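What follows is the residue order along each chain.
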Amino acid sequence: MIDKLSWTTAYPEVVLLVMACVIAMVDLGVTSARRTLTYVLTLATLAVVAVMLAYQAGEGSTVYGFSNMVVSDPMGNWLKCFATLAMMVCLVYGRPYAADRDMLRGGELFTLAMFSLLGIFVMISGSNFLIIYLGLELLTLSSYALVALRRDHAASTEAAMKYFVLGAMASGFLLYGLSMLYGATGSLEISTVFKVISSGQVKHQVLVFGLVFIVAGLAFKMGAAPFHMWIPDVYQGAPTAVTIMIGSAPELAAFAIAIRLLVEGLLPLAIDWQQMLAILAIGSLLIGNLAAIAQTNLKRMLAYSTIAQMGFVLLGLLSGVVAGKASPASLTTAYSAAMFYIVTYVLTTLASFGVILLLAREGFESEEIADLAGLNQRSPLYAGVMAVCLFSLAGIPPLVGFYAKLTVLEALIGTGQEPYIWLAVFAVIMSLIGAFYYLRVVKVMYFDAPITATTVSATAEVRVVLTLNGALVLVLGILPGGLMTLCAQAIVKTLGS
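Residues numbered from 1 in each chain as written. Predicted model: local features only at pLDDT ≥ 70, side-chain atom pairs only at ≥ 80, totals over all residues. Heavy atoms only, no water.

A. Focus on the overall build of the protein. Counting its secondary structure elements, the protein contains 20 helices and three strands. Compactness check: the protein gives a C-alpha radius of gyration of 22 Å against a globular reference of 23 Å for 497 residues, within 12% of the reference. For the protein, the C-alpha atoms occupy an extent of roughly 70 × 50 × 40 Å along the three principal directions. Buried residues in the protein amount to 60% of all 497 residues. When contacts within the protein are restricted to residue pairs at least 6 apart in sequence, those whose partners lie at least 24 apart make up 81%. With the model as given, the accessible surface of the protein reaches about 18,100 Å², and the carbon-plus-sulfur share is 70%. (Helix = DSSP H or I, 4+ residues; strand = E, 2+ residues; numbered from the N terminus. Rg over C-alpha atoms; globule rule 2.2 N^0.38 Å. Buried < 20%, exposed > 50% of the residue type's maximum accessible area, 1.4 Å probe, protein only. Contact = heavy atoms within 4.5 Å. Areas by Shrake-Rupley, 256 points an atom, 1.4 Å probe, with all protein chains shown as cover.)

B. Quick peek at the pattern of salt bridges. Applying the stated criterion to the full structure yields eight salt bridges. For Asp233, the salt bridge goes to Arg300, with nearest N and O atoms at 3.1 Å. Here Arg300 lies in helix α13 (residues 298–318) and Asp233 lies in helix α9 (residues 230–237), a separation of 67 residues in the sequence. Overall, Asp233 belongs to the partly exposed group, its relative accessible area being 25%. With a relative accessible area of 18%, Arg300 lands in the buried category. Residue Lys299 pairs with Glu367 through a salt bridge whose shortest N-O separation is 3.1 Å. Of this pair, Lys299 sits in helix α13 while Glu367 sits in the loop between α14 (328–359) and α15 (375–378), and the two are 68 residues apart along the sequence. With respect to burial, Lys299 and Glu367 carry one shared label: buried. One network of salt bridges, with partners in common, ties together Glu158, Lys162, Asp233 and Arg300. (Salt bridge = Lys/Arg side-chain N within 4 Å of Asp/Glu carboxyl O.)

C. Region of interest: the nonpolar core. Ranked by internal contacts, the top residues of the largest apolar core, which has 186 residues, are Leu266, Trp273, Leu315, Leu317, Tyr335 and Met339. In terms of residue count, α14 provides more of this core than any other element does, 21 residues in total. Those residues in contact with Met339, other than ones at most four positions away along the chain, are Met75, Trp78, Leu79, Phe255, Cys487, Ala490 and Ile491. (Core = buried A, V, L, I, M, F, W, Y, C linked by side-chain atoms within 4.5 Å.)

D. Representation of the packing of α14 against helix α19 (residues 460–478). Packing of α14 against α19 leaves a shortest axis separation of 9 Å and a crossing angle of 145°. Crossing of α14 over α19 shows left-handed handedness. Where α14 abuts α19, its residues Leu347, Thr348, Leu350, Ala351, Gly354, Val355 and Leu358 lie against Val462, Leu466, Asn469, Leu472, Val473 and Leu476. Within the contact of α14 with α19, the residues separate by chemical class into ten nonpolar, three polar and no charged. (Axes fitted to C-alpha atoms, helices over the stretch in contact; angles between N-to-C directions. Left-handed = near helix turned anticlockwise from the far one by under 90°. Nonpolar A, V, L, I, M, F, W, Y, C, P; charged D, E, K, R; others polar.)

E. Representation of the side chain of Lys405 in the model. Position of Lys405 relative to the elements: it lies in helix α17 (residues 400–414). Lacking a salt bridge, the buried Lys405 has Glu251 as its closest oppositely charged neighbour, with an N-O distance of 14 Å. A distance of 3.1 Å separates the side chain of Lys405 from the side chain of Tyr341, its partner in a polar contact. The contacts of Lys405, once residues within four sequence positions are left out, are Gln309, Phe312, Tyr341, Ser392, Leu393, Ala394, Gly395 and Ser431. (Lys, Arg positive; Asp, Glu negative; His and termini not counted. Polar contact = N/O pair within 3.5 Å; in protein donor to acceptor, adjacent residues only side chain to side chain.)

F. A look at the side chain of His228. Following the sequence through the fold, His228 ends up in the loop between α8 (204–222) and α9. According to the relative accessible area criterion, His228 is buried, its value standing at 12%. Contacts of His228, omitting those with residues within four sequence positions, involve Gly223, Ile287, Tyr304 and Ile307.

G. Structural view of unusual backbone geometry. Of note, the bond from Ala225 into Pro226 is cis; its omega dihedral lies within 30 degrees of zero at 5°. By the secondary structure assignment, Pro226 is in the loop between α8 and α9. Pro397 connects to Pro398 through a cis peptide bond whose omega is 5°. You can see Pro398 is positioned in the loop between α16 (380–394) and α17. Of note in the backbone geometry, Asn68 takes a positive phi value of approximately 65° without being a glycine. Tracing the sequence through the fold places Asn68 in the loop between β2 (63–65) and β3 (70–72).

H. View of the packing of aromatic side chains. Summed over all chains, the structure comprises 14 aromatic pairs. Here the aromatic rings of Trp78 and Phe82 are separated by 5.9 Å at their centres, their planes lie at 25°, and the arrangement is stacked. One end of the pair is Trp78 and the other is Phe82, both in helix α3 (residues 74–100) and four residues apart, which spans about a single turn. The class of Phe82 is buried, set by a relative accessible area of 17%. Look at Tyr144 and Tyr163: their rings are 5.0 Å apart centre to centre, the planes differ by 85°, and that puts the pair in the edge-to-face class. With Tyr144 in helix α5 (residues 129–147) and Tyr163 in helix α6 (residues 154–185), this residue pair connects regions lying 19 residues apart in the sequence. Here the two residues Tyr144 and Tyr163 agree in accessibility, since each one is buried. Joined through ring pairs, the aromatic side chains of Tyr144, Tyr163, Phe164, Phe220 and Trp230 make up one cluster. Directly above the ring of Tyr97 sits Arg101, whose terminal nitrogen or CZ lies 3.9 Å from the centroid. (Phe/Tyr/Trp six-rings, centres within 6.5 Å; stacked < 30°, edge-to-face > 60°. Lys NZ or Arg CZ within 6 Å of the ring centre and 35° of its normal.)

I. Here's a closer look at a nonpolar patch on the surface. A cluster of nonpolar side chains, Ile413, Ile421, Trp422, Val425 and Ile429, forms an exposed patch at the surface whose accessible area comes to about 470 Å². The element best represented in the nonpolar patch is helix α18 (residues 418–447), accounting for four residues. Given the relative accessible area of 47%, Ile413 is considered partly exposed. (Patch = residues over 30% accessible without salt bridge, like charges linked within 9 Å, V, L, I, M, F, W, Y side chains within 5 Å.)

J. Highlighting helix α1 (residues 11–26). Taking 1.5 Å of rise per residue, 16 residues should cover 22 Å, and α1 covers 22 Å from first to last C-alpha, within 8% of that figure. Those residues of α1 that fall on the buried side of the exposure criterion are Pro12, Glu13, Leu16, Met19, Ala20 and Ile23. Buried residues along α1 cover an arc of 140° about the axis, so they all sit on one side. (Expected span 1.5 Å × (residues − 1). Arc of directions from axis to C-beta.)

What follows is the structure, encoded as structure tokens:
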């Protein structure tokens, strides 16, 4: 733990905030040249921020600033770096789609994307309840505006309203839970809350009451059942260029605040929140996989897939503490597995939605599973990328999704506890059921006759990024050691500091 000048903990956030404001002013014009300039400026800014974060993460130190309200540590910096790269990919994939639908006329897309990323940064860096909540609100308010960006599209407007109403309710749950903890412990600092709870001087009933609301708020942000109601409607109704933003980088922030609150702050209450996470994981795996089978809309199917995938992340989070005791080995194994899972899931989601964006064209969304019919005959490359992503989500070797699921299952079984072993068996059964709806899409792409002879075209940058994205899903499955080691070291240095 190192104390430094406060601003050294927030250099990436400062750069992002300043450039977001600059880009907002540059994009006041509606000319094509200004739109191109803002796009280039946005990508350049995100690239610089990603390099800064990778450098900070490589230093491996934990730095507190702003009166211990903000923390810069390896786990947070790597998650922010991955979130930045994810947002860059989202903008590369989404720009042609947005241009065809007149979503660039006011320039809000790039500015709101940067402000939502800033919210993610604040959430990940928060070492204080208020900072975490401020970051959450910045992210969600930007997301509401992004979902409603197509002002003349009824489905997008409806999705934004649903997202706003349910999101406000979830934020209220989280804020109420945090206020209960503040009332019980007398502090907003996560480290102080941990010390007060560890002392045993606070009534357990009060803590558990606040914990229930905190877990409910976290479950909503992660999209875990039964707090998943918003995901299918928002994924389907939002413009696909926005859906990919909602379904990628924010998941990294949700994982980060789960670690901050549950592990760094409420670890003495692990027996209580483990039971809650187990119920959420079972519900997510069951509802997500079974509901996805009935879907014909591809975006809606991937929404239910997200719910099921979050079930695995929750399994990783709950396996870090065994019989109320947390050893360094169990913490490292479990939370590094969960971190690896969420990072690789985001990588796979980017490529799968990237193909959907690629197939969409002016006046045609390409959202139905039937729209992918005969894709292999139209474009073997893009069909291959989509197949790799679907196989990875299903957990089929040698793709990265298989190794991600395997690490989580190993963490569960490694506890030696019978309930956890049964959870692992249940997760495997649900994965087998889930493989059906992924393979169904592959069958449509490779064995059904194409419904259109339209060729699949894309800009050079989209082709390059999408190809690299799909290749990473394969390469990280064959050689997962580097990323797994990175996640393990980040967890050790963060939780061991």
